[in-house]
Amino acid sequence: MLQQVNGHRSGSDAQGGKSLREDLQEFLGGEALLHELDDLTKVNPVTLETVLRCLQARYAADMFYTSAGCTLVALNPFKPVPQLYSPALMREYHAAPQPQKLRPHIFAVGEQTYRNVQSLIEPVNQSIIVSGESGAGKTWTSRCLMKFYAVVAASPTSLESHKIAERIEQRILNSNPVMEAFGNACTLRNNNSSRFGKFIQLQLNSAQQMTGAAVQTYLLEKTRVTCQASSERNFHIFYQICKGASVDERLQWHLPEGASFSWLPNPERTLEEDCFQVTREAMLHLGIDIPTQNNIFQVLAGLLHLGNIWFADSKDEAQSCQLMDDAKCSIRTSASLLQLPEDPLLETLQIRTIRAGRQQQVFQKPCSRAECDTRRDCLAKLVYARLFDWLVSVINSSICADPDSWTTFIGLLDVYGFESFPNNSLEQLCINYANEKLQQHFVAHYLRAQQEEYAFEGLDWSFVNYQDNQACLDLIEGSPISICSLINEECRLNRPSSAAQLQTRIESALAGSPCLGHNKLSREPSFIVVHYAGPVQYHTAGLVEKNKDPVPPELTRLLQQSQDSLLKVLFPMDPEEKSQEEPSGQSRAPVLTVVSKFKVLSQLEACGLVETIHISAAGFPIRIPHQNFVERYELLRRLCTRTSPGSHSPSPDERHSEWSPHTKGATLQTLLQDILHTLPALTQAAATP
Ligand code: ATP
Ligand code: MG
């Protein structure tokens, strides 16, 4: 598994100094030394095969990090390598005059980024983007970086709040186990897969000390609460409670040993992540006291019991579906844990309220069995999603610094990786869409921009072709017609539409796209999107419903009746809420569907490895703003001009034109070469008494 970390890696001498081309001949001839090639820009020719051979050799030699121009390639060791992440090593990279000259490591990226915040004329916020497919190690890497900054950017003061004296860095680190317990799950690809996107902002004061942090999350995969693919699991926290609760807690939360819950598949698998105690302690450090924790776990137990409520088909359409016999106990337990009145809970699941006509008359319609199931699932997802958002806000209030106490930040972006399963739906479409955006951002900001800048500055450069994923993005989000717009249109029209019809609409409206494919052998209605990372087949069944993500207003109203103190916070009686509950058939504010919410996702980046290496290998490793360049080299230039034989002092006009901000890179390059050329004479002149 491979992942790529984009930090801001300036000042590398990948280009200059050593005779790299000679090295690489030697390396390609001598396989035995291939693992010593620690920068992929030294590989020649740069092809997937040579790059893979090099990475393979390094992996076999336990060398898990390799530079690739401006990025770092990290290989997942799939085994503990504690010596690679020791505080001593962190300090070594921090103290190094040029960390990028040490062995490639995530700490080198971390340190360079840390220096970049301050090394420029104006302190500039920096971000590190960790990209890679699911299971590549993105979350692991983000955690490593957080630990690194907790050591090198430690603040000298400790916090006394929450009756626990601790450092802010420790508290920030404690946000990881909590967020992962509630937002990560075991999937086919990764036992600890992040089911939400995360951007964490590590806040630094003017002395470069970490004073706090802020977390922003993106699109939690809440469908997992009620529906898990075969061999996958629900969010870790549910298993943690069931496995880790004490005897008293089990009694309190109605979780007897060996109880079976339909929303809790594969409970027999024991994972490292199933540690309830770790989550509880981390919550305590974040200021979530024991009674509040118990309240959270009680609500989650209520959701588990809700999942065991099943309905039987009603023979008479005018009648509500009845509860299955063994579900009667579950509804009672769930109602008691969620502190909801039992009868209204059942009624809300069984009966739909419709307002219609000019007078807004209220009608009640018994739901079909499938509708009852959908309402039950919707209730659970609603509670879980609000609980997750609330937890993030509590974490933020615990770790976020005063606005006055920080001036810059280092951002870490860890989003879910590219996914392709046997059955892919809206969740995978959103995740892969995010990864396409990351890829495009990288293409635009690095591959394309860098080459355009070289061309603009008149530097000697032959354009490197790269895979532009614009066609794929046009297919997903383009205007006026795209997969997103077609799915949104179906939601807006609210017409009965089968999975097969959606497939036909997508295929006929977007037939011209080179990135749209069709699997003739598929028995289920589906379409294929050819992503930059590979083709993925998406099933159309349920896509529109998932995108609508409808929340019947009765469900919110029901939850507002809860006597539970946590649910009261999550579902406050809000007058605004009423105004949002527009009756059906009325003109309403545009509904924000899942994909349209997702389209606001920003700050994303990723890479095409081979193109990155090509451009980095051939490109200029050092980029200095014009003003800095003038300030740094003006004195040297004057000295050189004086020293070099036959030189004359440039007139003010000449100097002005040489150093003007409009001077192209090629001119500056020539000047710099002149300076370097004259340096030996200058050194000699300086040495002569
Ligand atoms: P997803 O997109 O599914 O969230 P991810 O890229 O975040 O995946 P991680 O959860 O970070 O993947 O890594 C998967 C697993 O690989 C980790 O739980 C850990 O066991 C192992 N792993 C990753 N990187 C390392 C590392 N540097 N050292 C040791 N183990 C690692
Ligand atoms: Mg992850």
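These notes cover the structure that comes with them. (Residues numbered from 1 in each chain as written. Chains lettered and ligands numbered in written order. Predicted model: local features only at pLDDT ≥ 70, side-chain atom pairs only at ≥ 80, totals over all residues. Heavy atoms only, no water.)

Quick look at the packing of aromatic side chains
Inspection of the entire model under this criterion finds 16 aromatic pairs. Considering the side-chain rings of F527 and Y538, the 5.6 Å spacing of their centres and the 35 degrees angle between planes classify their relative orientation as tilted. In this pair, F527 sits in strand 15 (residues 526–531) while Y538 sits in strand 16 (residues 534–539), placing the two residues eleven residues apart along the sequence. Between the NZ or CZ atom of R376 and the centre of the ring of W310, over which it lies, the distance is 4.7 Å. (Phe/Tyr/Trp six-rings, centres within 6.5 Å; stacked < 30°, edge-to-face > 60°. Helix = DSSP H or I, 4+ residues; strand = E, 2+ residues; numbered from the N terminus. Lys NZ or Arg CZ within 6 Å of the ring centre and 35° of its normal.)

Examining helix 10 (residues 290–306)
Working note: α-helix, 3.6 residues per turn, so residues spaced by three or four point in the same direction. Here helix 10 spans 24 Å end to end across 17 residues, near enough to the 24 Å set by a 1.5 Å rise per residue. Extensive coverage of helix 10 is indicated by the burial of 14 of its 17 residues. (Expected span 1.5 Å × (residues − 1). Buried < 20%, exposed > 50% of the residue type's maximum accessible area, 1.4 Å probe, protein only.)

Focus on the site of ligand 1
The full set close to ligand 1 counts 18 residues, and Y85, S134, G135, K138 and S193 are the nearest of them. Residue A136 places a main-chain N or O atom 3.3 Å away from an oxygen atom belonging to ligand 1. Within the backbone of G417, one N or O atom sits 2.9 Å away from an oxygen atom of ligand 1. Considering ligand 1 on its own, with 640 Å² of exposed area, one finds that the protein chains cover 89% of that surface. Looking at the shell around ligand 1 element by element, the count peaks at three residues for helix 5 (residues 138–152). Grouping the constituent residues of the shell around ligand 1 by class yields five nonpolar, ten polar and three charged. (Near = heavy atom within 4 Å. Polar contact = N/O pair within 3.5 Å; in protein donor to acceptor, adjacent residues only side chain to side chain. Areas by Shrake-Rupley, 256 points an atom, 1.4 Å probe, with all protein chains shown as cover. Nonpolar A, V, L, I, M, F, W, Y, C, P; charged D, E, K, R; others polar.)

Some remarks on the coordination of the magnesium ion (ligand 2)
Distances from the magnesium ion (ligand 2) to its protein donors, namely T139 (OG1) and S194 (OG), fall within the range 2.0 to 2.1 Å. Of this pair, T139 sits in helix 5 while S194 sits in strand 6 (residues 193–194), placing them 55 residues apart in sequence. (Donors = N, O, S within 2.8 Å, 3.2 Å for Na, K, Ca; no water.)

Focus on the sheet that holds strand 15
An order of 14-15-16 is seen for the three strands of this open sheet, with the pairing classed as antiparallel. This sheet does not close on itself; its edge strands, each paired only once, are strand 14 (516–517) and strand 16. In this structure, strand 15 lies alongside strand 16, joined through six bridges in antiparallel fashion. Pairing of V529 across the sheet is with V536, part of strand 16. Sitting on the sheet, helix 17 (residues 499–509) touches strand 14 and strand 15, and the angle it makes with strand 15 is about 45 degrees. (Pairing = 2+ DSSP bridges. Contact = heavy atoms within 4.5 Å. Axes fitted to C-alpha atoms, helices over the stretch in contact; angles between N-to-C directions.)

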